Amino acid sequence: MVLMKTGLPELINALKALCFPPVCLACKLALPARREFLFCAACAERIETIVEPLCTCCGRPFPSAAGGNHLCSLCLTNIWHFSQARALILYEDPVRQAIHSFKYSGKMAALHTFGLLYQANQRIQKDHPPDLILPVPLHGKRLRERGFNQALLLAQAFFPLHRPRIRPDILMRTRATTPQTGLSGDDRRRNVRKAFEVRERQHLAGKTVLLVDDVFTTGTTVNECAKVLRQAGCLEVRVLTLARVREMGE
Ligand SMILES: [Zn+2]
Ligand SMILES: [Zn+2]
């Protein structure tokens with residue numbers, strides 16, 4: 001009877017909600033059963049959406065509205081291979097906690113919430129979709145350890161209607177690198193040099209590409225990806241991350 005009325009997927013979801021009631025992705029507070037946005041009110045209030053004014057290149061937010069959008073001091077001197085990097089929210093708690101539970105504890109329920117954050121951000125969506133959406137790849141060894149590439153899952157959560165444009169088979173990480181966390185600027189650059197390769201080169205000439213990743217910290221990894229994509233003939237490479245650090249630092 002229940003099956004006839006609601007259908008199997010709904011029934012499965014109802015059972016899941018009963019067995020695993022939703023909790024806040026950051027503080028683990030229990031949430032109402034049908035809640036889709038998995039942050040409690042207190043944590044949701046602490047999420048900082050990135051708003052203008054910001055650096056026209058790396059997307060770093062400026063504390064004062066006085067100067068409007070302009071290039072930050074780093075982007076005035078740094079040559080980036082991407083034309084623009086944008087992020088939805090700041091990488092600080094509770095966002096940092098939520099990304100950790102997704103990435104390191106495999107909390108897949110977070111993806112729907114991250115997708116909602118993308119949908120709520122009109123400014124970010126303005127230039128989308130590009131010709132190709134490429135997740136920043138993991139090396140095969142890391143992929144086997146983790147079981148999923150967080151960048152690919154984020155790309156799918158942000159662009160559910162553009163699945164054919166999402167291509168995890170074009171940009172490959174051919175060299176296993178040590179995690180960037182804790183490395184200095186020079187070491188980070190050395191660490192990712194020649195780590196990426198492009199396949200299906202014939203699909204890239206003249207194309208606009210959006211690179212997707214979870215967090216933008218120094219930009220070193222996405223910059224190396226953008227470099228090989230531009231060398232392969234891409235017209236423009238932009239970057240979209242779920243979160244970014246407030247200050248890039250070395
Ligand atoms: Zn919370
Ligand atoms: Zn900048």
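About the cut-offs
Residues numbered from 1 in each chain as written. Chains lettered and ligands numbered in written order. Predicted model: local features only at pLDDT ≥ 70, side-chain atom pairs only at ≥ 80, totals over all residues. Helix = DSSP H or I, 4+ residues; strand = E, 2+ residues; numbered from the N terminus. Rg over C-alpha atoms; globule rule 2.2 N^0.38 Å. Buried ≥ 20, exposed ≤ 12 C-beta atoms within 10 Å, placed from the backbone. Contact = placed C-beta atoms within 7 Å. Pairing = 2+ DSSP bridges. Axes fitted to C-alpha atoms, helices over the stretch in contact; angles between N-to-C directions. Right-handed = clockwise from strand over helix to strand, strands pointing away. Parallel < 35°, antiparallel > 145°, perpendicular 65-115°, else oblique. Left-handed = near helix turned anticlockwise from the far one by under 90°. Nonpolar A, V, L, I, M, F, W, Y, C, P; charged D, E, K, R; others polar. Core = buried A, V, L, I, M, F, W, Y, C linked by C-beta atoms within 7 Å.

## Digging into the overall build of the protein chain
Tallying secondary structure elements over the protein chain gives 11 helices and six strands in all. Over its C-alpha atoms the protein chain spans a radius of gyration of 19 Å, differing by no more than 12% from the 18 Å that the globule rule assigns to 250 residues. Here the C-alpha coordinates of the protein chain stretch approximately 65 × 45 × 35 Å along the principal axes. Expressed as a percentage of the 250 residues in the protein chain, the buried residues total 30%. Within the protein chain, residue pairs in contact and separated by at least 24 positions form 69% of the contacts whose partners lie at least 6 positions apart.

## Digging into the sheet that holds strand β1 (residues 84-90)
One open sheet holds the four strands; their spatial order is β1-β6-β5-β2, and the pairing between them is parallel. Two strands lie at the open edges of the sheet, namely β1 and β2 (132-135), each paired on one side alone. Neighbouring strand axes in the sheet, compared pairwise and without regard to direction, differ in orientation by 20 degrees on average. Note that β1 and strand β6 (residues 236-244) share six bridges and pair parallel. In the strand pairing of β6, Ile 89 is matched with Ala 243. With respect to the sheet, helix α9 (residues 150-158) is in contact with β2, β5 (208-216) and β6, its orientation differing from that of β5 by roughly 115 degrees.

## A word on the pairing of β5
With eight of nine residues buried, β5 lies mostly within the body of the structure. Here β2 pairs with β5 via four bridges, running parallel. Bridging across to β5, Pro 135 finds its partner in Val 212. Bridging between β5 and β6 involves eight bridges; their strand directions are parallel. The residue of β6 that forms the bridge with Thr 208 is Glu 236. Assessed by its sense of winding, the connection that carries the chain from β5 through helix α11 (residues 220-231) to β6 is right-handed.

## Quick word on unusual backbone geometry
The residue after Glu 52, namely Pro 53, is reached through a cis peptide bond having omega 5 degrees. Along the polypeptide, Pro 53 turns up in the loop between α3 (41-46) and α4 (73-77). Cis peptide bonds are those with omega within 30 degrees of zero, and the linkage from His 128 to Pro 129 qualifies with 0 degrees. In this structure, Pro 129 sits in the loop between α7 (122-125) and β2. Phi is positive for Lys 28, close to 70 degrees, though the residue is something other than glycine. Its location among the elements puts Lys 28 in the loop between α2 (8-19) and α3. For Lys 28, a count of 12 C-beta atoms within 10 Å puts it in the exposed group.

## Things to note about the packing of helix α10 (residues 185-192) against α11
It is at 9 Å that the axes of α10 and α11 come closest, and there the two elements cross at 40 degrees. Considering the angle they form, α10 stands oblique to α11. When the axes of α10 and α11 are compared, the crossing they make is right-handed. When α10 is examined against α11, the residues Arg 188, Arg 189 and Val 192 are found in contact with a partner set consisting of Thr 220, Thr 221 and Glu 224. Its residues placed into classes, the contact of α10 with α11 shows one nonpolar, two polar and three charged.

## What about the nonpolar core?
With 53 residues, the main nonpolar core has Ala 155, Leu 211, Val 212, Val 222 and Leu 229 as its most contacted residues. Of all the elements in the fold, those that place two or more residues in this core are β1, α5 (95-103), α6 (110-119), β2, α9, β5, α11 and β6.

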